[in-house]
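Observations on chain architecture
Residues per chain are reported as follows:
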Amino acid sequence: MSQHSPDWWYDEAAGPLVRPYAMVSGRTRPKPAGDELTLTTQVRAIRTSSDQGSLLVEHLEIIKLCRKPLSVAEVAAYLNAPLVVVKVLLSDLIQRGDVITRDPSRMAVPMDLNLLQKVLDGVRAI
């Protein structure tokens, strides 16, 4: 394939020839807004920014994907991109206010053991 062909950047066996870090301008760490992102962190788009000209195609795809909450791992899978790249892209969107995140492990309400015992006792009584 010649470089003049529109598909010169793609190799059937190897996939895209553009390195993932090129998508994020060589950054390998998320901005401070994205430091807390884990595999299970839920991401949801909250608005479509009026300034979309500064966004990469991948940013726009994340906003589109996250109309419904998705985990960081799911976003990476849908984009077919390495986790670190997705975290960098998400940190950009968090900082801009385009997406919000929620850590499911922090949202868990401690169980009331007395209530659980009463439910168990009630089930056993049936």
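Residues numbered from 1 in each chain as written. Predicted model: local features only at pLDDT ≥ 70, side-chain atom pairs only at ≥ 80, totals over all residues. Heavy atoms only, no water.

For the protein chain, the name recorded in an unreviewed UniProt entry is DUF742 domain-containing protein, with Lentzea xinjiangensis as its organism.

So, the overall build of the protein chain
On a plain count of helices and strands, the protein chain comes out with 6 helices and 5 strands. Counting helices and strands in the order they occur from the N terminus, the protein chain gives β-β-α-β-α-β-α-α-β-α-α. A buried classification covers 25% of the 126 residues belonging to the protein chain. Within the protein chain, contacts between residues separated by at least 24 positions form 70% of all contacts whose residues are at least 6 apart in sequence. If you sum the accessible surface of the protein chain, you get close to 9,000 Å²; carbon and sulfur atoms cover 56% of it. (Helix = DSSP H or I, 4+ residues; strand = E, 2+ residues; numbered from the N terminus. Buried < 20%, exposed > 50% of the residue type's maximum accessible area, 1.4 Å probe, protein only. Contact = heavy atoms within 4.5 Å. Areas by Shrake-Rupley, 256 points an atom, 1.4 Å probe, with all protein chains shown as cover.)

Observations concerning the packing of helix α3 (residues 72-79) against helix α4 (residues 83-96)
Angle between the axes and distance between the axes are the two parameters that describe a pair of packed helices. Closest axis-to-axis distance for the α3/α4 pair is 9 Å, and the angle between their directions is 110 degrees. What the angle tells us is that α3 and α4 run roughly perpendicular. Here V72, V75, A76 and L79 of α3 lie close against α4, whose contacting residues are L83, V86, K87 and L90. Here the residues of the contact of α3 with α4 sort into 7 nonpolar, no polar and 1 charged. (Axes fitted to C-alpha atoms, helices over the stretch in contact; angles between N-to-C directions. Parallel < 35°, antiparallel > 145°, perpendicular 65-115°, else oblique. Nonpolar A, V, L, I, M, F, W, Y, C, P; charged D, E, K, R; others polar.)

A look at the sheet that holds strand β4 (residues 70-71)
Strand-to-strand pairing in sheets goes through backbone hydrogen bonds, with the strands running parallel or antiparallel. Across the sheet, 3 strands lie side by side as β4-β3-β5; this open sheet has antiparallel pairing. Two strands close off the open sheet at either side, each with one partner strand: β4 and β5 (99-102). Of the strand pairs in this sheet, strand β3 (residues 42-45) and β5 are connected by 4 bridges, and their pairing is antiparallel. Across the sheet, Q42 pairs through a bridge with R102, a residue of β5. (Pairing = 2+ DSSP bridges.)

Looking at unusual backbone geometry
Within the chain, N80 stands out as a residue other than glycine whose phi angle is a positive 55 degrees. Secondary-structure assignment places N80 in the loop between α3 and α4.

Quick look at the packing of helix α2 (residues 57-65) against α4
Two elements in contact, α2 and α4, have axes separated by 10 Å at closest approach and are oriented at 75 degrees. Of the possible angle classes, the one that applies to α2 and α4 is roughly perpendicular. Residue-level inspection shows E58, H59, I62 and I63 of α2 in contact with α4, the latter providing L89, L90, D92 and L93. Of the residues assigned to the contact of α2 with α4, the class counts are 5 nonpolar, 1 polar and 2 charged.

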